[in-house]
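Tertiary structure, described
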Amino acid sequence: MTSHCGVAGNERADELAKQATRLAWSSPISTSRTNALRRAALTTQREWTREWKRSEKQGWFAIADRFQPSLKPTKRAKHLRNRREIFGRTVQARTGHAYTGEFRRRFLPTEPFRCPCDNQTIETREHIITSCPRYEEHRNILRKVTPSIALSEIFGTQEGIEALAEFLELSGAFTRDGKPRPSAEYNLHEAPPPPQDPENPFDDDTTSLAGEIPASIPPLDFG
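Residues numbered from 1 in each chain as written. Predicted model: local features only at pLDDT ≥ 70, side-chain atom pairs only at ≥ 80, totals over all residues. Heavy atoms only, no water.

Looking up the protein chain in an unreviewed UniProt entry gives the name RNase H type-1 domain-containing protein, with the organism given as Psilocybe cf. subviscida.

Put into structure tokens, the structure is as follows:
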């Protein structure tokens, strides 16, 4: 059998392989899975944050896009971790991807888009939160945060998000029928937190990076 000895390409490959083994011992970078996960997460976080800072805020979420992005839910979502129906509606309200006439008008143009309070006003997020008479009874919750019920404060601050969640739970705003959900229904959506990955340093609340509530899927009825 012909030997590979003396073949220039093979000799070069052998030399590079030997150099690589020496570099592995002298490298200051650990090759453990935990270290690799941490470095990858930090790199992703830095690049995402850099892109977020230089990008123009636009669309329905622009008014709420005031927190630096995060790779996992943060303190702003912890008080809703076992109330998934309210968590989902809070995210949908902030992103604009919710049960509103303005959403239907854009994506389901054959569906009605006027508010049932008068069948004249377009059912926008602003109308639902600030002026629709169906929810006036619970609007004092929002006024405690901002007397004028400024959407930028409701959607874009910690206090505003907490007040918004309470308002949604009591009023039933941004549900399909606009009515509060029975308390028993929340239990159907509750589930224990997922098990922690012992080798993932970012699967722990103590190492969570400050940032945004994650995006939510659109209402199922909207496709």
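Despite not being glycine, Ile149 shows a phi value in the positive range, around 55 degrees. With respect to the helices and strands, Ile149 occurs in the loop between α7 (140–143) and α8 (151–156). A relative accessible area of 5% means that Ile149 is categorised as buried. (Helix = DSSP H or I, 4+ residues; strand = E, 2+ residues; numbered from the N terminus. Buried < 20%, exposed > 50% of the residue type's maximum accessible area, 1.4 Å probe, protein only.)

Over its 12 residues, helix α4 (residues 84–95) extends 16 Å from the first C-alpha to the last, a length consistent with the 16 Å expected when each residue adds 1.5 Å. Summarising burial for α4: 9 of the 12 residues are buried, a large majority. Of all the positions in α4, only Glu85, Ile86, Gly88, Arg89, Thr90, Val91, Gln92, Ala93 and Arg94 are classed as buried. Where α4 ends, the next residue or the one after it, Gly96, has phi of about 85 degrees, a positive value. (Expected span 1.5 Å × (residues − 1).)

The next thing to look at is the packing of α4 against helix α9 (residues 158–171). Taken N-terminus to C-terminus, the directions of α4 and α9 make an angle of 115 degrees; their axes are 10 Å apart at the nearest point. Remark: the crossing between α4 and α9 carries right-handed chirality. Residues Ile86, Arg89, Thr90, Ala93 and Arg94 of α4 form the contact with α9, whose own contacting residues are Ile161, Leu164, Ala165, Leu168 and Glu169. Classifying every residue of the contact of α4 with α9 gives 6 nonpolar, 1 polar and 3 charged. (Axes fitted to C-alpha atoms, helices over the stretch in contact; angles between N-to-C directions. Left-handed = near helix turned anticlockwise from the far one by under 90°. Contact = heavy atoms within 4.5 Å. Nonpolar A, V, L, I, M, F, W, Y, C, P; charged D, E, K, R; others polar.)

On to the confidence of the model for the protein chain, then. Caution is warranted with low-pLDDT regions, since their predicted coordinates should not be read in detail. On average, residues of the protein chain carry a pLDDT of 78, and 71% of them reach 70 or more. Confidence over residues 184–223 falls short of pLDDT 50; this stretch has 92 contacts with residues more than four positions distant or in other chains. (pLDDT = per-residue confidence, 0-100.)

To continue, consider the pattern of salt bridges. Pairing between side chains of opposite charge can happen when their charged atoms approach one another. Applying the stated criterion across every chain, the model contains 9 salt bridges. A salt bridge links Arg89 to Glu85, with the nearest nitrogen and oxygen atoms 2.9 Å apart. Taken together, the positions of Arg89 and Glu85, both in helix α4 and 4 residues apart, correspond to about one turn of that helix. In this structure Arg89 comes out as buried when scored by relative accessible area, which is 3%. On the basis of relative accessibility, which here comes to 14%, the residue Glu85 falls in the buried class. The shortest N-O distance in the salt bridge between Glu123 and Arg134 comes to 3.1 Å. Placement of the pair is Glu123 in the loop between α5 (101–107) and α6 (125–130) and Arg134 in the loop between α6 and α7, with a sequence separation of 11 residues. Taking the relative accessible area as the measure of exposure, Glu123 reaches 7% and is therefore buried. Residues participating in the shared-partner salt-bridge network are Arg104, Glu123 and Arg134. (Salt bridge = Lys/Arg side-chain N within 4 Å of Asp/Glu carboxyl O.)

This part covers the nonpolar core. Counting residues in each nonpolar core, the largest one holds 20 residues, and the members touching the most others are Ile129, Leu142, Phe155, Leu164, Phe167, Ala173 and Phe174. Going through the elements one at a time, α6, α7, α8 and α9 are the ones with two or more residues in this core. For this core, the element with the most residues is α9, which contributes 4 residues. (Core = buried A, V, L, I, M, F, W, Y, C linked by side-chain atoms within 4.5 Å.)

With the rule as written, the count across this model stands at 4 aromatic pairs. Consider the rings of Phe103 and Phe107, whose centres lie 4.8 Å apart with planes at 40 degrees: the pair is tilted. Taken together, the positions of Phe103 and Phe107, both in helix α5 and 4 residues apart, correspond to about one turn of that helix. What makes Phe103 buried here is its relative accessible area of 3%. Owing to a relative accessible area of 45%, Phe107 belongs among the partly exposed residues under this scheme. Between Tyr135 and Phe167 the ring centres are 6.3 Å apart and the planes differ by 75 degrees, which places this aromatic pair in the edge-to-face class. Of the two residues, Tyr135 sits in the loop between α6 and α7 while Phe167 sits in helix α9, which places them 32 residues apart along the sequence. With a relative accessible area of 0%, Phe167 lands in the buried category. Of the aromatic side chains, those joined through ring pairs into one cluster are Trp60, Phe103 and Phe107. (Phe/Tyr/Trp six-rings, centres within 6.5 Å; stacked < 30°, edge-to-face > 60°.)

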